[in-house]
Each structure stands twice: as C-alpha cells, then as structure tokens.
Amino acid sequence: MSLNEASKKAVLVTGGAGYIGSHAVKVLCDSGFTVTVVDNLSAGHLAAVDVRARFEEMDLGDLAGLCDVMERGRFDAVMHFAGSIEVGLSMKEPDLFFRNNVVCGQNLLEAMRRAGCGNIVFSSTAAVYGSPKQVPIPETARLFPTNYYGVTKMLFEELLKSYEVFYGINYIALRYFNAAGADSSGNLGEAHDPETHLIPLVLRAAAGGFAADSPAKTAPLKIFGTDYDTPDGTCIRDYIHVTDLVKAHVLALDYLLRNGKSDVFNLANGKGFSVREVISAAEKVTGKKIPYKDAARREGDPPVLIADCSKAKKVLGWEPVHSSLEEIIASAHKWHSSQNR
Ligand code: UDP
C-alpha cells in the first residue's frame, strides 16, 4: 500500500495506550493511517499515545459507547490489542480474563458489525498452543492452552471465525510469542503495573544491583521453575522485538485491506532462549550482575515455546530485523534507564 492509499484509511486501535498498542499506533501514524485509539487506561498510559492519533477513553464493556465511536469513525479496520495479558493472573482470576478478552471482544465485533466495519487485526498469542509436541510450532498445531489467558485468546479466535462466516468480518489473528524491547525513538517502552514479564523484571533487578538498600537485594528476580525438561531446566521462550512485531501488524492490515482474506500467523524470531540465557544476556548488555533466586514453577507455564514463523515471512513478506536477544534487551535497557533518571 502506498503512503497515499494508507492516508485515506481510518483505523480504530483498541488498547492503543498499552505497550504493543502504543508502538503500533506510532507506526500506523508514520505510515499515513488516520488513527483513533480507544483505551480505558486501566493498564495503558495516555502519554504513550501518539499525538497524531485521536483518543477516546472507553472500556470495551460499553457497547453503546463503542457503537457510537464506530459509527462516527467510519473505520476501514480495527486493530484489537486491549485485553488482560498476565499468564499467572489468569490462573487466579479467570473471570477477569473471560470478561476482558472474550465478552468485551464480542462487544467490539458487535459494534463493527452494526457499523459495517469488515476488517480486524487481532493480537493473539502463542499461549493458544499450550505445550505442543512439535517444535518449532506451526500455525496448524492443535490449540490446547495450559492457562486461561490462552483459553480466552483461543475463544476470541473462535468468535472471529464465527463473525466471518455469519457477518463477513475478515480477520487476521497474529499469534505473538514473547514481545519485548522498545522503540528506537526512546519515547515508548514496556511499563506494566504490576510488571510480570521477564525482560523488564530482569532489567529492574539489574538496576537494583547489589546496593545494600536495593529492593532487588530483598526481593530478587525469581526464576519460575528450574526443573523443566530443557537443557538448563528453565523455560524457553521465543523473544521478538516490538518494532518487528508492529511492522508485521501494518503488513497484515495491508494484506487484509487488499485481499479481504482471513488468516492466522505466528510472529516470532524462531529461536528459543531459556530464562537463564536471558539473565546472562542482560548481564552482558547492562554490565551488571543480576541477583536472582530459583523459585517454584508458575502455574500454567509451558516449558518451551518456539515458533515456526515461515508463513508470515512467505505470505506477508515480513522479516524480523531487530530481534537478536542482545538488541531486544539493549533497547529495553535504554528505555528503562531513561525512565529511572
Ligand atoms: N519468568 C520468570 N520470572 C519472572 C517472570 C517470568 O522466571 O519473574 C519466566 C516465565 O515463567 C516464563 C518466561 O520467564 O517462562 C517468560 O515469561 P513472561 O511472563 O515474560 O512471558 P510469557 O511467556 O508468560 O508470555
């Protein structure tokens, strides 16, 4: 799609104040799309929303409000990032995940149907696969989530299929593996509260160092599970730079708007790193010794998640270019350091 064509297209981004959503909004604006963000700011940050985008503070539980936004915006497409994301929390509060990821998701589809918006790019997850035997995991693998986060994302994928069949809404579901890193502008990064993701927690522990009064000294990073059937006993994940990830969203949107064909793609780097490997890579990048302690497994965690991402490369023409573990950690470190000044 040329810049000229893109500038005629209007996109609604849900969760556009969040980590990945805010990066996507920036790239969409850079590419010439007209962007509106809806976000309830429960986890996102208003300051992270690109100034070129229009912002509506709204919870996706508000169907009437959503219908109003959809009617007014006459959107060509929706990018849906809003939702609950923490695997551990999903095992304690599945009701929250069903509400935010399934019920609110259906509201969005309803609002799209009523307003005649026929395209959606959805932020899905590798957690839909559970612990498949086949690694790297292709999109055709059986979906068998081991946590409620994955269950709710899988259910929304099912809703997408039904809304396509019954109401002609085309979709692309992007199953991300582990997104991390920060935009090179230095203005955007990963800031969850509470933070549960490995790379930001590792960097936080690095920043705490070994100072006597460091919180990291009293509450070091925990490695969740050291007895998995992996070479060093810790979980293996496939980390992808957020910049590569959002580039794939724009390509997926372009594909959807051009071809109107629904599909599902894995987005990842295709290489796995254990928790211990992430910690030692972060020690190299930061030059700091990172305090940690071995801890029990986190409920719901699959041991190994590595993607086969050849389909996205072939069909969307996508290629991750920033996703070496060092570059991911270095970009996150740069952003986290700027926040701590
Ligand atoms: N992890 C860990 N300690 C932490 C946070 C995460 O050992 O404080 C592990 C987690 O068990 C998983 C990996 O790091 O194996 C990545 O977890 P994260 O929450 O970042 O992403 P997820 O894979 O759950 O989407």
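Colleague: Can you help me understand the sheet that holds strand β6 (residues 170–176) in this one?
Modeller: Neighbouring strands of a sheet are bound in pairs by backbone hydrogen bonds; such pairs are parallel or else antiparallel. On the basis of which strands lie adjacent, the open sheet formed by 7 strands has the order β3-β2-β1-β4-β5-β6-β11 and parallel pairing. Each having just a single partner strand, β3 (54–57) and β11 (263–267) make up the two edges of the open sheet. Strand-to-strand twist across the sheet, computed as the mean angle between neighbouring axes with direction ignored, equals 20°. On the sheet, helix α9 (residues 242–259) packs against β1 (10–14), β4 (77–80), β5 (119–125), β6 and β11 and is oriented at approximately 160° with respect to β6.

Colleague: It is not clear to me how the packing of helix α5 (residues 94–115) against helix α6 (residues 148–167) should be interpreted in this structure. Could you clarify?
Modeller: How two helices pack is summed up by the angle between their axes together with the distance between the axes. Contact geometry of α5 with α6 gives a least axis separation of 9 Å together with a crossing angle of 20°. Judged on the interaxial angle alone, α6 and α5 are roughly parallel. As for the relative orientation of α5 and α6, their crossing is right-handed in sense. On α6, the residues that touch Pro 94, Phe 97, Phe 98, Asn 101, Val 102, Gly 105, Gln 106, Leu 109, Glu 110 and Arg 113 of α5 are Tyr 148, Tyr 149, Val 151, Thr 152, Lys 153, Leu 155, Phe 156, Leu 159, Leu 160, Tyr 163 and Tyr 167.

Colleague: What is the right way to read α5 from this model?
Modeller: One turn of the α-helix equals 3.6 residues, which is why residues spaced by three or four share an orientation. Its 22 residues place the ends of α5 31 Å apart at the C-alpha level, agreeing with the 32 Å of an ideal helix rising 1.5 Å per residue. Residues Phe 97, Asn 100, Asn 101, Val 102, Cys 104, Gly 105, Asn 107, Leu 108, Leu 109, Glu 110, Ala 111 and Met 112 constitute the buried set of α5. Buried positions along α5 lie against β1, α3 (63–73), β4, α4 (87–92), β5 and α6. Positive phi shows up at Gly 116, right after α5, with a value of about 75°.

Colleague: I would appreciate a short explanation of the site of the ligand in the present structure.
Modeller: In the vicinity of the ligand lie 15 residues, with Leu 198, Lys 222, Arg 237, Arg 298 and Asp 301 positioned nearest. Within the contact set of the ligand, an oxygen atom lies 3.5 Å away from a backbone nitrogen or oxygen of Thr 196. Take Asp 301: an N or O atom from its side chain is 2.5 Å from an oxygen atom of the ligand. Out of a free accessible area of 510 Å², the ligand has 91% covered by protein chains. Taken together, the elements giving at least two residues each to the shell around the ligand come down to α7 (198–208) and β8 (221–224). Ranked by residue count, the leading element in the shell around the ligand is β8, at 3 residues. Residue composition of the shell around the ligand, by class: 8 nonpolar, 3 polar and 4 charged.

Colleague: Sorry, what's going on with the pattern of salt bridges here?
Modeller: Two side chains of opposite charge can pair, provided their charged atoms sit close to one another. If you walk through the whole model with that rule in mind, you get 20 salt bridges. Residue Asp 183 pairs with Lys 26 through a salt bridge whose shortest N-O separation is 3.7 Å. Residue Asp 183 is located in the loop between β7 (178–180) and α7, and its partner Lys 26 is located in helix α2 (residues 19–30); the two are separated by 157 residues in the primary sequence. For Lys 26, a relative accessible area of 21% gives the class partly exposed.

Colleague: Whenever I open this one, the packing of aromatic side chains confuses me. Can you help?
Modeller: Each pair of aromatic rings is reported with the distance of its centres and the angle of its planes. Scanning all chains against the criterion turns up 6 aromatic pairs. An angle of 35° between the planes, with centres 6.3 Å apart, marks the rings of Tyr 129 and Phe 177 as tilted. Linking Tyr 129 in the loop between β5 and α6 with Phe 177 in the loop between β6 and β7, this pair joins segments that are 48 residues apart in sequence. The buried category is assigned to Tyr 129, whose relative accessible area is 1%. An aromatic cluster is present here, built from Tyr 163, Phe 166 and Tyr 167 joined pairwise through their rings.

Colleague: Would you explain unusual backbone geometry in this entry?
Modeller: Keep in mind that most residues, glycine aside, have a negative phi and that most peptide bonds are trans. Val 135 connects to Pro 136 through a cis peptide bond whose omega is 0°. Tracing the chain through its elements places Pro 136 in the loop between β5 and α6. Within the chain, Leu 41 stands out as a residue other than glycine whose phi angle is a positive 60°. Position of Leu 41 relative to the elements: it lies in the loop between β2 (34–39) and β3. Of note in this structure, Arg 74 is not a glycine but carries a positive phi near 45°. Secondary-structure assignment places Arg 74 in the loop between α3 and β4. Take Arg 74: its relative accessible area is 71%, and that puts it in the exposed class.

Colleague: Quick question: what am I supposed to make of the environment of Ser 262 here?
Modeller: Within the secondary structure, Ser 262 sits in the loop between α9 and β11. Apart from residues lying up to four places away in sequence, Ser 262 is in contact with Glu 164, Ile 169, Asn 170 and Tyr 171. Within the structure, the side chain of Ser 262 is placed 2.7 Å from the side chain of Glu 164, a separation counted as a polar contact.

Colleague: Which parts of the structure should I look at to understand the nonpolar core?
Modeller: The biggest cluster of nonpolar side chains holds 60 residues, and the ones touching the most others in it are Val 13, Ile 20, Leu 28, Val 35 and Ile 199. When residues of this core are assigned to their parent elements, the largest contribution, 9 residues, is made by α9. Not counting residues within four places of it along the chain, the set of residues in contact with Val 35 comprises Val 11, Val 13, Val 25, Leu 28, Cys 29, Ala 53 and Arg 54. Listed in part, the 28 residues of the second largest apolar core include Met 58, Leu 108, Ala 111 and Cys 117.

Quick notes on the rules
Residues numbered from 1 in each chain as written. Predicted model: local features only at pLDDT ≥ 70, side-chain atom pairs only at ≥ 80, totals over all residues. Heavy atoms only, no water. Pairing = 2+ DSSP bridges. Helix = DSSP H or I, 4+ residues; strand = E, 2+ residues; numbered from the N terminus. Axes fitted to C-alpha atoms, helices over the stretch in contact; angles between N-to-C directions. Contact = heavy atoms within 4.5 Å. Parallel < 35°, antiparallel > 145°, perpendicular 65-115°, else oblique. Left-handed = near helix turned anticlockwise from the far one by under 90°. Expected span 1.5 Å × (residues − 1). Buried < 20%, exposed > 50% of the residue type's maximum accessible area, 1.4 Å probe, protein only. Near = heavy atom within 4 Å. Polar contact = N/O pair within 3.5 Å; in protein donor to acceptor, adjacent residues only side chain to side chain. Areas by Shrake-Rupley, 256 points an atom, 1.4 Å probe, with all protein chains shown as cover. Nonpolar A, V, L, I, M, F, W, Y, C, P; charged D, E, K, R; others polar. Salt bridge = Lys/Arg side-chain N within 4 Å of Asp/Glu carboxyl O. Phe/Tyr/Trp six-rings, centres within 6.5 Å; stacked < 30°, edge-to-face > 60°. Core = buried A, V, L, I, M, F, W, Y, C linked by side-chain atoms within 4.5 Å.

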